[in-house]
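Okay, here's what each chain looks like letter by letter:
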Amino acid sequence: MSEKKTDMPAAGQEPLLRVSHLRVSFQTDKALLCAVEDVSFDVRKGETLGIVGESGCGKSISCMSILKLVQGENVRYENGAVLFEGEDTLSMTDKQLQKIRGRKISMIFQEPMTALNPLYTIGDQMGEVLKLHTKLSKKEIWDRCCEMLEKVRIPNSREIMLRYPFNLSGGMRQRVMIAMALLTNPELVIADEPTTALDVTIQAQVLDVMKDLQKEYGCSYIFITHDLGVISEMADRVVVMYGGRVCECAATDTLFEHPYHPYTRGLIASRPYRGMKTDRLPVIPGNVPSLNNKPAGCPFHTRCPDAMDCCREAFPEETAVGEGHTVACWKYAKK
């Protein structure tokens, strides 16, 4: 696997995307359940932001909300702003969002077998993206799709264009999803668990493809995963989420070398590593709380070895613990 890129964008530059104090809830018959609460982060041009946490921590909902893909009569975008190139996507109409979805911001979904329609060929589905967002001729669309399939290292691209998703392996389907996401040269690509269910060898190949294409096109990535190995390989900066909240944010190397939040430390400690002297990994006791049973205060206090009385009463404010490194934990809160 190739090394992680080191030409990280300057911290002082204006971000491509800024998510500020986002709150997303779901209305049920009995209560309003908050899935994402006061989440803020930004993405700079050309960088990869990793968002990590256990399943149910709010990673996908936070990122799908960027394009208002969390939809339904029970969905409530209660607070916050999502500024992309200075415009708030949360205040946009569906017609305005259609011009951005798939054109300026693309998404690679978690499971390509469900994201790809089994009734249409690969060529039909890829071509639809270009028909919607460009004025290319049929031949130009066909040639562009074949070119992108070749860029994601799929051989015999013209033959693959005529096949259906179920004719392809999991790794091939995932590469098709990456090719589709980059067809229109988007500025931001949101990748939601793009290597789930792939074996280690294919996963490494897919990650290498994504890094090579990022260098070529200069796009930014938001990489959502629970796999810290993937994060350490791909991300420039990392946001750690738990219980719909941001716990910690730092440059990738800094986070792995000097984690502050007890949850971050627990995640890193539970990661297998070369030279392990035990066959049992440490685990974080307990489970992520459900939306209808979230504890008051810091949502991690029920599993935290360092929990104090104040942790049960209120969520701490974000505290700077280093350059570009922030943590939301009462242990480090300014007195």
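Note that residues are indexed from 1 along each chain, following the sequence as it is written. With the structure being a predicted model, the display of local features is reserved for residues of pLDDT at least 70 and the display and counting of side-chain atom pairs for 80 or more, all residues being used for whole-chain, interface and lining totals. Note that the side-chain values use all heavy atoms of the structure and ignore hydrogens as well as water.

(A) Molecular detail of the overall build of the chain. Helix and strand labels come from DSSP, where a helix needs a run of H or I of at least four residues and a strand needs a run of E of at least two; each type is numbered from the N terminus. Per the secondary structure count, the chain includes 11 helices and 12 strands. The atom set for the radius of gyration is the C-alpha atoms, and the globule formula is 2.2 Å times the number of residues raised to the power 0.38. The C-alpha atoms of the chain give a radius of gyration of 21 Å, which matches the 20 Å a tight globule of 335 residues would have. Expressed as lengths along the three principal axes of its C-alpha atoms, the size of the chain is roughly 65 × 50 × 40 Å. By the convention used here, residues are in contact when the closest approach between their heavy atoms is within 4.5 Å. Relative to all contacts within the chain whose residues are 6 or more apart in sequence, the contacts with residues 24 or more apart total 65%. Within the structure as shown, the chain displays about 16600 Å² of accessible surface, and the carbon and sulfur contribution to it stands at 50%. The charged-residue count follows a simple rule in which Lys and Arg add positive charge and Asp and Glu add negative charge, with His and chain termini not counted at all. Charged groups are reduced to one reference atom each: NZ for lysine, CZ for arginine, CG for aspartic acid, CD for glutamic acid. If you average the places of the 41 positive and of the 43 negative side-chain charges in the chain, the two averages end up 1 Å apart. To measure how exposed things are, a 1.4 Å probe is used in the Shrake-Rupley method; for residues, cover is taken only from the protein chains shown.

(B) Representation of the pairing of strand S10 (residues 245-251) in the model. Using a 1.4 Å probe on the protein chains alone, a residue whose accessible area is under 20% of its type maximum counts as buried, one over 50% counts as exposed, and one in between counts as partly exposed. Of all the 7 residues making up S10, 6 are buried; the element is thus mostly covered by neighbouring parts of the structure. Any two strands are treated as partners once DSSP identifies two or more bridges connecting them. When strand S9 (residues 237-242) meets S10, the two strands line up antiparallel, connected through 6 bridges. Counterpart to Met 241 in the pairing with S10 is Val 246. Taking the residues between adjacent antiparallel strands as the criterion, S9 and S10 are bridged by 2 residues, where Gly 243 takes a positive phi near 60°. Relative to strand S12 (residues 325-327), S10 runs antiparallel, the two being bridged by 2 bridges. Residue pairing across strands places Cys 249 opposite Thr 326, the latter belonging to S12.

(C) Layout of the environment of Leu 33. For Leu 33, the location among the structural elements is in strand S2 (residues 32-43). Taking C-alpha positions, Leu 33 is 9.2 Å from Lys 294, a pair spaced 261 residues apart along the chain. Leu 33 has contacts with Val 24, Ser 25, Phe 26, Thr 28, Leu 291 and Asn 292, leaving out every residue within four places of it along the chain.

(D) Looking closely at the pattern of salt bridges. A pair is scored as a salt bridge if a Lys or Arg side-chain nitrogen falls within 4 Å of a carboxyl oxygen belonging to Asp or Glu. What the rule picks out here adds up to 19 salt bridges. Notably, a salt bridge pairs Arg 18 with Asp 42, separated by 3.8 Å at the nearest N-O pair. Of this pair, Arg 18 sits in strand S1 (residues 17-27) while Asp 42 sits in strand S2, and the two are 24 residues apart along the sequence.

(E) Structural view of the nonpolar core. Core analysis: the largest hydrophobic core is formed by 56 residues, its most contacted members being Leu 17, Phe 41, Ile 66, Leu 188, Ile 190, Ile 222 and Tyr 263. Leave out the neighbours within four places in its chain, and Leu 17 touches Phe 41, Asp 42, Val 43, Ile 66, Val 82, Leu 83, Phe 84, Leu 188 and Ile 222. Among the buried residues, those of types Ala, Val, Leu, Ile, Met, Phe, Trp, Tyr and Cys that are joined through side-chain atoms within 4.5 Å form a nonpolar core.

(F) A look at the state of the cysteines. Any two cysteine sulfur atoms within 2.5 Å of one another count as a disulfide. Under the defined criterion, the tally for this structure stands at 0 disulfides. Sulfur of Cys 247: no disulfide; nearest cysteine sulfur belongs to Cys 298 and is 6.2 Å away. Judged by its relative accessible area of 4%, Cys 247 falls in the buried class.

(G) Examining the sheet that holds S10 more closely. Ordered in space as S6-S7-S8-S3-S9-S10-S12-S11, the 8 strands form an open sheet in which the pairing is mixed. Both edges of this open sheet fall to strand S6 (105-108) and strand S11 (319-322), since each of them pairs with a single strand only. Each neighbouring strand pair of the sheet contributes to a mean axis angle of 20°, computed without reference to strand direction. In the sheet, strand S7 (residues 188-192) pairs with strand S8 (residues 220-225) via 5 bridges, with the strands oriented parallel. Residue Ile 190 lies in a different strand from S8, and its bridge partner there is Ile 222. Geometry is summarised by axes, namely lines fitted to C-alpha atoms with helices restricted to the contacting stretch, and by angles between N-to-C directions that run from 0 to 180 degrees. Lying over the sheet, helix H11 (residues 262-269) contacts S9 and S10, oriented at roughly 105° with respect to S9.

(H) Summary view of the packing of aromatic side chains. Only the six-membered ring of Trp is used, alongside the rings of Phe and Tyr, when aromatic pairs are assigned; centres must lie within 6.5 Å, and planes under 30 degrees apart are stacked while those over 60 apart are edge-to-face, with the rest tilted. All chains considered together, the criterion is met by 5 aromatic pairs. With 5.0 Å between their ring centres and 80° between their planes, Tyr 260 and Tyr 332 make a pair best called edge-to-face. You can see Tyr 260 sitting in the loop between helix H10 (252-257) and H11 and its partner Tyr 332 sitting in the segment after S12, a full 72 residues away along the chain. Accessibility expressed as a relative area gives 23% for Tyr 332, which makes it partly exposed. By the ring-pair criterion, three or more aromatic residues cluster together here, those being Tyr 242, Tyr 263 and Phe 300. A cation over a ring is seen here: Arg 245 above Phe 315, with NZ or CZ 4.1 Å from the ring centre. We count a charge as sitting over a ring when the NZ of a lysine or the CZ of an arginine lies within 6 Å of the ring centre and within 35 degrees of the ring normal.

(I) H11, seen in detail. In terms of residue burial, H11 counts as a mostly covered element, since 6 of its 8 residues are buried. If you follow the buried residues of H11, they end up packed against helix H9 (228-234), S9, S10 and H10.

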